[in-house]
Amino acid sequence: MNELDALANIDLKTREIKAEKKQLNFVRIGTSGALQEDLPVHSFLLSEKGMGFDGLLNFYANRAAVSDLQLEDAFTKHTDWDSKLTAPYVVPAAEELISKLKSDATRQGITISAPGFYGPQGRMLRLKTADPALNDKISAFEFEGQKITNYEMECSAIYGLSALLGHHAATVCLIIANRLRGEFGGDYKPHMKRLVKYVLDALTKN
Ligand SMILES: O=P(O)(O)O[C@H]1O[C@H](CO)[C@@H](O)[C@H]1O
Ligand SMILES: O=c1cc[nH]c(=O)[nH]1
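Source: prediction; values computed, not measured. (Residues numbered from 1 in each chain as written. Chains lettered and ligands numbered in written order. Predicted model: local features only at pLDDT ≥ 70, side-chain atom pairs only at ≥ 80, totals over all residues. Heavy atoms only, no water.)

Engineer: Please set out the site of ligand 1 residue by residue, giving values where relevant.
Structural biologist: As a matter of local geometry, ligand 1 sits amid Arg28, Gly30, Thr31, Phe117, Glu152, Met153 and Glu154. A distance of 2.7 Å is found between an oxygen atom of ligand 1 and a backbone nitrogen or oxygen belonging to Thr31. One nitrogen or oxygen atom from the main chain of Met153 is found 3.0 Å from an oxygen atom belonging to ligand 1. Computed on the free molecule, ligand 1 has an accessible area of 350 Å², of which 62% lies beneath the protein chains in the complex. With three residues, the single largest contributor to the shell around ligand 1 is strand E3 (residues 25–34). For the shell around ligand 1, the class distribution of residues is two nonpolar, two polar and three charged. (Near = heavy atom within 4 Å. Polar contact = N/O pair within 3.5 Å; in protein donor to acceptor, adjacent residues only side chain to side chain. Areas by Shrake-Rupley, 256 points an atom, 1.4 Å probe, with all protein chains shown as cover. Helix = DSSP H or I, 4+ residues; strand = E, 2+ residues; numbered from the N terminus. Nonpolar A, V, L, I, M, F, W, Y, C, P; charged D, E, K, R; others polar.)

Structural data, given as structure tokens:
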């Protein structure tokens, strides 16, 4: 994100920040695991908010200005969040992109970006997780009608840095597994092609 912003908004010869800033649009197309039982494998999930378990945005000044602090507070209380973990941050997607990408073909929700695929998403092989009930608490969480729908690993950082830098971002993921139903989609490439076409069509119409 910083590199892409630098290409647009820093004069690389003089190393000065340009007076007039260019606003970029970022749309992440990814894969994700569902955290709600009614979210089918191979459905398209549009992330209205990104919730970071990675702590990235906490390193930046003014991060509160772009964050949904009420939702963060409700979530940390609901999960009895361990203070030794990084504080979760929540950043909304750009409304302009959400309205272009939202349709009957998408479901909307809050997406958690985890800093790892195993423990940070509640998966256990030989190692047990610190709070084995965390995924159940996440699926049960509701704030002002909003629910957490899925796990992946990049959305929240893209939303957070875009918002701080004045860019627009959205994420649409193909659901490739439903953790609650124990469903795993197998070869998802044809469905990913469908999603890429859907996003390109939605962004270029009108
Ligand atoms: O969405 P893509 O880029 O497929 O990446 C997803 O798959 C990786 C985990 O296997 C994570 O990076 C997650 O976000
Ligand atoms: O469950 C999943 C699926 C894809 N990517 C993730 O990070 N988690």
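Engineer: Give me the lowdown on the environment of Met124, citing residues and values where you can.
Structural biologist: The topology assignment puts Met124 in the loop between strand E6 (106–113) and helix H4 (134–140). Not counting residues up to four positions away in its chain, the partners in contact with Met124 are Thr129 and Pro132. (Contact = heavy atoms within 4.5 Å.)

Engineer: Can you break down the site of ligand 2 residue by residue, with the values?
Structural biologist: With respect to spatial proximity, the complete set of residues near ligand 2 consists of Thr31, Ser32, Gly33, Phe117, Gln121, Arg123, Tyr151, Glu152 and Met153. Here a nitrogen atom of ligand 2 sits 2.8 Å away from a polar atom, N or O, in the side chain of Gln121. Within the side chain of Arg123, one N or O atom sits 2.6 Å away from an oxygen atom of ligand 2. Taking 240 Å² as the accessible area of ligand 2 by itself, protein coverage stands at 90%. Elements with a minimum of two residues in the shell around ligand 2: E3 and strand E8 (146–152). Among the elements that take part in the shell around ligand 2, E3 stands out by supplying three residues, more than any other.

Engineer: Describe the nonpolar core, with residues and values.
Structural biologist: One recurring pattern in soluble globular proteins: nonpolar side chains tend to sit buried together. By size, the foremost hydrophobic cluster in this structure holds 26 residues, and its most contacted members are Phe44, Leu57, Leu101, Tyr159, Val172, Leu195 and Val199. Where this core is concerned, the elements lending two or more residues are strand E4 (44–52), strand E5 (89–92), helix H3 (95–101), helix H5 (155–165), strand E9 (168–178) and helix H6 (189–204). In terms of nonpolar packing, the next biggest core, distinct from the first, is built from 16 residues, Phe75, Trp81, Leu134 and Ile138 among them. (Core = buried A, V, L, I, M, F, W, Y, C linked by side-chain atoms within 4.5 Å. Buried < 20%, exposed > 50% of the residue type's maximum accessible area, 1.4 Å probe, protein only.)

In short, geometric facts, not functional conclusions.
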